[in-house]
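Architecture at a glance
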Protein chains: 6
Amino acid sequence: MAKKKKSELSHFDSAGAARMVDVGGKSATRREAEASAFVAMSKKVLTELDKNPKGNPLEVARVAGIVAAKRTDELIPLCHSLPLAFVDVRMKVERDGILVTAVAATTAENGVEMEAMVAASVAALTIYDMCKALDKGMSIREVRLERKTGGKSGDWRRK
Amino acid sequence: MAKKKKSELSHFDSAGAARMVDVGGKSATRREAEASAFVAMSKKVLTELDKNPKGNPLEVARVAGIVAAKRTDELIPLCHSLPLAFVDVRMKVERDGILVTAVAATTAENGVEMEAMVAASVAALTIYDMCKALDKGMSIREVRLERKTGGKSGDWRRK
Amino acid sequence: MAKKKKSELSHFDSAGAARMVDVGGKSATRREAEASAFVAMSKKVLTELDKNPKGNPLEVARVAGIVAAKRTDELIPLCHSLPLAFVDVRMKVERDGILVTAVAATTAENGVEMEAMVAASVAALTIYDMCKALDKGMSIREVRLERKTGGKSGDWRRK
Amino acid sequence: MAKKKKSELSHFDSAGAARMVDVGGKSATRREAEASAFVAMSKKVLTELDKNPKGNPLEVARVAGIVAAKRTDELIPLCHSLPLAFVDVRMKVERDGILVTAVAATTAENGVEMEAMVAASVAALTIYDMCKALDKGMSIREVRLERKTGGKSGDWRRK
Amino acid sequence: MAKKKKSELSHFDSAGAARMVDVGGKSATRREAEASAFVAMSKKVLTELDKNPKGNPLEVARVAGIVAAKRTDELIPLCHSLPLAFVDVRMKVERDGILVTAVAATTAENGVEMEAMVAASVAALTIYDMCKALDKGMSIREVRLERKTGGKSGDWRRK
Amino acid sequence: MAKKKKSELSHFDSAGAARMVDVGGKSATRREAEASAFVAMSKKVLTELDKNPKGNPLEVARVAGIVAAKRTDELIPLCHSLPLAFVDVRMKVERDGILVTAVAATTAENGVEMEAMVAASVAALTIYDMCKALDKGMSIREVRLERKTGGKSGDWRRK
């Protein structure tokens with residue numbers, strides 16, 4: 001049974017050393033994933049954001065998240081390179097912070113969960129960077145996968 | 001007063017458009033920063049980690065975090081490029097997940113808060129990537145700055 | 001009618017925010033593009049180029065353009081990553097400067113116009129870099145698409 | 001005399017092969033450079049830009065230019081790596097196109113002309129990318145250095 | 001006959017200038033390659049490696065090799081970008097050094113020989129970096145292709 | 001004594017985990033390093049090289065080596081980022097192959113041994129790539145440091 005569980009951790013070979021999973025036998029199908037991150041900030045910082053006439057911090061963060069998604073394979077060592085068909089990053093100003101939502105899609109042999117996670121993380125980090133002069137105490141809460149579709153393991157949605 | 005607050009958001013010029021802050025007049029002094037991230041995971045996933053004889057997922061994540069810190073300026077649009085004197089990423093297995101701590105240091109005109117934040121985030125994302133086959137429901141909680149030293153704004157420590 | 005025109009700007013979503021176009025429904029067909037740039041320089045600088053026995057500035061610039069084409073998706077935020085089947089950069093010494101021509105090709109869901117434009121631009125910038133010690137007043141004129149073939153919008157050729 | 005002229009092309013060694021100039025003996029002083037590029041477009045495309053409520057194409061292009069400036073040494077083979085103290089990219093909508101102006105500054109052993117040229121070029125290419133669905137015939141005209149200050153060769157300004 | 005031989009050097013066009021080979025007419029089939037490198041080191045350095053309880057230098061080097069393989073097209077100017085289906089790097093401690101073996105695989109229009117060669121080289125360089133404080137005299141011997149399968153030129157195995 | 005030896009392996013912390021060495025206390029002085037690599041090839045391949053009128057494979061390889069040196073910190077996980085003052089790559093055609101020599105220099109807190117090693121390796125790999133159509137059996141022999149000057153450990157020269 002220990003053996004069975006180890007095989008589930010597909011990034012590990014039989015000797016326990018990390019390697020990239022071989023996706024050569026998988027089929028290239030449409031796969032999507034959505035991830036989110038929440039940048040918690042004080043009312044003071046949020047108010048400043050609202051006053052900014054062009055909403056730029058969020059726009060710069062959106063661009064940063066989209067660009068980072070395309071470089072996921074450089075950042076996450078055992079991630080496969082894949083051509084993204086689509087990436088989008090949205091921001092929603094909430095009462096106590098900014099909710100970042102990232103969607104990624106591809107037609108490839110493997111999923112895009114990490115691309116969505118990276119896009120949400122880097123967009124959130126960029127918001128932090130652009131507002132940290134006002135409050136270094138902000139934090140990025142709950143970077144997490146919301147849903148994925150396609151692939152052998154099928155659809156998944158956070159409960 | 002609104003004007004005074006805007007000047008605090010030093011990434012923005014007088015017209016409200018984002019730009020990189022000019023650090024030309026700042027002095028090159030020793031600066032350090034420490035950030036943390038927490039990867040929450042079920043007992044089942046944690047137990048599998050413990051059984052792995054070489055502790056590899058955490059070692060791969062440490063390397064990923066260190067390498068990412070050196071590329072912070074590529075990921076965060078308005079961050080300055082700077083030569084890091086030091087980066088380290090540590091992992092601590094806790095009861096309900098992994099605590100990632102990243103430290104960065106430099107002797108430069110600007111701080112290394114973002115380098116520490118990026119190192120902690122990418123290390124946490126790598127742990128997620130390597131364990132997601134067991135549980136996609138894991139989340140990255142509380143990516144945050146713990147402390148910084150040096151620079152004009154002085155020392156800061158999370159309360 | 002305003003709505004119709006907005007949909008033509010396919011990089012923008014319905015709310016006017018920039019995003020990457022979803023190419024998931026497009027078919028992977030052969031696509032080619034050719035772009036050019038002209039580096040205008042004084043007779044003095046051109047003569048020096050001619051005297052150089054190995055023609056190196058142009059050869060370094062050709063390599064720079066080819067390498068840059070492969071990184072187009074990192075430079076242009078909303079560009080898709082795609083596997084280039086072919087890139088070539090040619091130089092032609094003319095009476096008042098250097099004409100750079102770049103060709104890119106792929107079999108993919110989207111076009112390679114930007115890859116050809118980036119290759120021509122970076123090759124021209126490299127020529128500028130290597131000759132600017134002689135004359136900083138050189139300029140890069142007319143970076144432009146010359147033709148494209150393939151894809152839903154069909155063939156196009158500059159008039 | 002031919003020899004004297006060759007030594008002016010400081011990227012070339014005595015045998016005519018390209019190499020990176022040794023800046024080890026130079027002093028680290030404040031250096032600035034400003035470059036510009038002009039994206040010529042039809043009135044139709046310009047009008048669409050104006051109608052866009054958030055001015056996003058120009059904002060995405062500004063971010064792209066700033067990020068690219070930090071990667072100049074990766075794009076231009078014989079350019080030195082240097083820590084930029086400042087980069088800014090501005091857009092001005094004119095009657096027949098968009099004028100892009102980029103400023104870069106550093107305190108280092110070598111100049112930032114190429115950083116300013118790369119920022120202006122990549123911002124202009126990004127505008128082209130985001131508007132090419134409306135008109136592939138747009139062109140990027142006159143990427144050029146406007147002025148530089150600092151360094152052994154002193155100040156320079158386009159006549 | 002000279003002409004025939006030149007056509008074998010497929011990276012060169014008819015005028016002898018380097019260019020990227022057009023793989024547009026090739027078919028996307030499974031291709032694999034294996035390369036090796038040997039890091040020769042003194043018994044003293046090897047013994048220190050053995051004593052290290054976690055075997056980390058080799059693990060860091062494995063990660064470095066895997067990540068570098070994915071960036072082969074950025075390092076080798078005329079290499080095509082391709083999505084790797086699989087990369088693995090193994091280490092074997094021998095009597096007078098470390099044998100590094102790298103395997104790469106893809107389903108694409110061109111081979112992965114260079115991806116395997118780059119992975120082996122960068123892993124070996126990383127071992128050198130991590131042990132050079134003990135002995136700068138170590139050397140990397142025999143970076144070479146061991147075998148390749150698939151593609152028009154068929155299978156090949158080192159004699 | 002075991003403890004003393006461990007401290008020599010400065011990439012490792014007291015618990016044996018890899019980390020980046022803190023160079024904060026070191027002084028920024030001139031440092032140089034020279035490395036070499038030898039690409040062994042059959043007479044047949046060498047003759048083809050000689051016949052090529054422009055000597056391009058070696059010129060492309062030189063550019064590749066110079067560009068790679070500037071990205072050493074991205075390839076070698078625990079290497080520091082540093083601004084190179086100078087890089088050069090030379091080729092010498094010998095009886096049974098090509099000797100690649102790379103020199104790197106900086107004024108920084110740490111040495112440039114790895115920058116020289118990476119430049120020599122990537123130049124050699126590029127030669128392999130450009131000639132492998134003629135003979136896959138070529139190998140890269142003896143990538144090694146030839147000498148270094150400057151820094152706390154002083155000068156070193158291969159015996």
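Quick caveat, the model's predicted, so the values are computed rather than measured. (Residues numbered from 1 in each chain as written. Chains lettered and ligands numbered in written order. Predicted model: local features only at pLDDT ≥ 70, side-chain atom pairs only at ≥ 80, totals over all residues. Heavy atoms only, no water.)

1. Regarding the overall build of chain A
From N to C terminus, chain A includes 5 helices and 5 strands. Listed by position from the N terminus, the elements making up chain A come as α-β-α-α-α-β-β-α-β-β. Across chain A, every contact between residues at least 6 apart in sequence was considered, and the portion connecting residues at least 24 apart equals 71%. Carbon and sulfur atoms form 51% of the exposed surface of chain A, whose accessible area is close to 5800 Å². (Helix = DSSP H or I, 4+ residues; strand = E, 2+ residues; numbered from the N terminus. Contact = heavy atoms within 4.5 Å. Areas by Shrake-Rupley, 256 points an atom, 1.4 Å probe, with all protein chains shown as cover.)

2. Focus on the relation of the copies chain B and chain A
Mapping chain B onto chain A is achieved by rotating through 180 degrees and translating by 0.0 Å along the same axis, at an RMSD of 0.0 Å. These values place the two chain copies in the arrangement generated by a two-fold rotation axis. Among all residues of chain B, the one whose C-alpha sits closest to the rotation axis is B:R141, at a distance of 2.5 Å. In this assembly the copies share their binding face: 100% of the residues contributing to the interface of chain B also contribute to that of chain A. (Least-squares fit on C-alpha atoms with pLDDT ≥ 70 in both.)

3. What to know about the side chain of C:R147
Structurally, the position occupied by C:R147 is in strand β4 (residues 139-149). Residues in contact with C:R147, not counting those within four places in the same chain, are C:E32, C:A33, C:E34, C:V103, C:W156 and C:R157.

4. Section: the interface of chain B and chain A
Facing 56 residues of chain B, the contacting portion of chain A comprises 56 residues. Together chain B and chain A conceal approximately 4900 Å² of surface at their shared face, both sides included; 65% is due to carbon and sulfur atoms. At the junction of chain B with chain A, the criterion picks out 4 salt bridges. For the salt bridge of B:E142 with A:R141, the shortest nitrogen-to-oxygen distance reads 2.9 Å. Across the contact surface, chain B and chain A share 12 residue pairs in polar contact (both at pLDDT 80 or more). Counting only elements with at least two residues in the side of chain B that touches chain A, the list comes to α1 (2-8), α2 (43-51), α3 (56-69), α4 (72-75), α5 (113-131) and β4 (139-149) of chain B. Per element, the largest residue contribution to the side of chain B that touches chain A is 12 residues, and it comes from α5(B). Along the lines of polarity and charge, the residues of the side of chain B that touches chain A split into 29 nonpolar, 10 polar and 17 charged. Note that strand β4 (residues 139-149) of chain A and β4(B) share 4 bridges and pair antiparallel. For A:V143, the partnering residue across the bridge sits in β4(B) and is B:I140. (Buried area = accessible area lost by both parts, 1.4 Å probe. Salt bridge = Lys/Arg side-chain N within 4 Å of Asp/Glu carboxyl O. Polar contact = N/O pair within 3.5 Å; in protein donor to acceptor, adjacent residues only side chain to side chain. Nonpolar A, V, L, I, M, F, W, Y, C, P; charged D, E, K, R; others polar. Pairing = 2+ DSSP bridges.)

5. Quick notes on the confidence of the model for chain A
Residue and element names in this part refer to chain A. With 87% of its residues at a pLDDT of 70 or more, chain A shows a mean pLDDT of 87. pLDDT under 50 marks residues 1-7. Its contacts with residues more than four places away, or in other chains, come to 4 contacts. Two summary scores accompany this predicted model of the complex, namely pTM at 0.93 and ipTM at 0.91. (pLDDT = per-residue confidence, 0-100.)

6. Quick look at the nonpolar core
A:I127, B:I127, C:I127, E:I127 and F:I127 are the most contacted members of the largest nonpolar core, which totals 317 residues. Sequence-distant contacts of E:I127, that is, excluding residues within four places in its chain, are made with E:V39, E:M41, E:L58, E:A61, E:M91, E:I98 and E:V100. (Core = buried A, V, L, I, M, F, W, Y, C linked by side-chain atoms within 4.5 Å. Buried < 20%, exposed > 50% of the residue type's maximum accessible area, 1.4 Å probe, protein only.)

7. Overview of the interface of chain C and chain A
Counting from both sides, the interface comprises 17 residues of chain C and, opposite them, 16 residues of chain A. Taken over both partners, the interface formed by chain C and chain A buries close to 1300 Å², and the fraction arising from carbon and sulfur atoms is 50%. Where chain C touches chain A, the interface holds 2 salt bridges. The closest approach of N and O atoms between C:E74 and A:R71, which form a salt bridge, is 3.6 Å. Across the chain C-chain A interface, the total number found is 7 residue pairs in polar contact (both at pLDDT 80 or more). When grouped by side-chain class, the residues that make up the side of chain C that touches chain A number 9 nonpolar, 3 polar and 5 charged.

8. Description of the environment of F:E34
All names here are of chain F. Here E34 lies in strand β1 (residues 29-40). On a C-alpha basis, the gap between E34 and V103 in space is 4.4 Å, while along the polypeptide they are 69 residues apart. When near neighbours in sequence (up to four residues on either side) are disregarded, E34 contacts T101, A102, V103, A116, R144, L145, E146 and R147.

9. Points about the pairing of strand β2 (residues 84-94) of chain F
Residue and element names in this part refer to chain F. Relative to strand β3 (residues 97-108), β2 runs antiparallel, the two sharing 10 bridges. Paired with V93 across the strands is I98, a residue of β3. A loop of 2 residues connects β2 with β3, the two strands running antiparallel in sequence.

10. Thoughts on helix α5 (residues 113-131) of chain A
Between its first and last C-alpha atoms α5(A) spans 28 Å; for 19 residues at 1.5 Å apiece the expected length is 27 Å, and the two agree. Most of α5(A) sits inside the fold, with 19 of its 19 residues counted as buried. (Expected span 1.5 Å × (residues − 1).)

11. Points about the relation of the copies chain C and chain A
Once chain C has been moved 0.0 Å along the axis and rotated by 120 degrees, it coincides with chain A to within an RMSD of 0.0 Å. These values place the two chain copies in the arrangement generated by a three-fold rotation axis. Ranked by how close their C-alpha atoms come to the rotation axis, the residues of chain C are headed by C:P83, at 4.6 Å. Different-surface contact between copies: only 6% of interface residues of chain C are shared with the interface of chain A.

12. As for the environment of F:K136
The topology assignment puts F:K136 in the loop between α5 (113-131) and β4 (139-149). Note: C-alpha distance between F:K136 and F:M41 (95 residues apart in sequence) is 9.5 Å. Leave out the neighbours within four places in its chain, and F:K136 touches E:E113, E:L145, E:K148, E:S153, E:W156, E:R158 and F:Y128.

13. Brief notes about the side chain of A:R158
Relative to the helices and strands, A:R158 resides in the segment after β5 (156-157). Nearest to the buried, unbridged A:R158 among oppositely charged side chains is A:E146, at 4.3 Å. In this structure the side chain of A:R158 is engaged in a polar contact, spanning 2.8 Å, whose partner is the backbone oxygen of A:L145. A polar side-chain atom of A:R158 sits 3.2 Å from the main-chain carbonyl oxygen of B:G137. (Lys, Arg positive; Asp, Glu negative; His and termini not counted.)

14. Description of the packing of α3(B) against α5(B)
Residue and element names in this part refer to chain B. Where α3 contacts α5, the two axes come as close as 7 Å, and the packing angle between them is 145 degrees. Handedness of the crossing formed by α3 with α5: right-handed. Across the interface between the two elements, P57, L58, V60, A61, A64, G65, A68 and A69 from α3 touch E115, V118, A119, V122, A123, T126, I127 and M130 from α5. (Axes fitted to C-alpha atoms, helices over the stretch in contact; angles between N-to-C directions. Left-handed = near helix turned anticlockwise from the far one by under 90°.)

15. Things to note about unusual backbone geometry
Here the phi dihedral of E:E142 falls at roughly 60 degrees; this positive angle occurs in a residue that is not glycine. Mapped onto the fold, E:E142 is located in strand β4 (residues 139-149).

16. So, helix α3 (residues 56-69) of chain F
Along its 14 residues, α3(F) runs 20 Å from first to last C-alpha, staying within 8% of the 20 Å computed at 1.5 Å per residue. By the criterion of burial, α3(F) is predominantly enclosed, with 14 of the 14 residues buried.

17. A few points about the state of the cysteines
Here is the idea: a disulfide is a covalent bond, and it sits between the sulfur atoms of two cysteines. Across all of its chains, the model carries 0 disulfides over all chains by this definition. In this structure B:C79 is not part of a disulfide, and its nearest cysteine sulfur, from A:C131, lies 13 Å away. On the basis of relative accessibility, which here comes to 8%, the residue B:C79 falls in the buried class. (Disulfide = S-S within 2.5 Å.)

18. Some thoughts on the pattern of salt bridges
In total, this model carries 90 salt bridges over all chains according to the counting rule given. E:E32 serves as the salt-bridge partner of E:R30, at 3.2 Å between the closest nitrogen and oxygen. Salt bridges linked by common partners bring A:R71, A:E74, B:R71, B:E74, C:R71, C:E74, D:R71, D:E74, E:R71, E:E74, F:R71 and F:E74 together as one network.

19. Here we look at the pairing of strand β3 (residues 97-108) of chain D
Residues and elements named next belong to chain D. Buried residues dominate β3, accounting for 10 of its 12 residues. Bridge analysis of strand β1 (residues 29-40) against β3 gives 12 bridges, and the strand direction is antiparallel. Bridge pairing links S36 to T101 in β3.

20. Some remarks on the environment of E:K132
Tracing the chain through its elements places E:K132 in the loop between α5 (113-131) and β4. With a relative accessible area of 16%, E:K132 lands in the buried category. Contacts of E:K132, omitting those with residues within four sequence positions, involve E:M138, F:E113 and F:M114.

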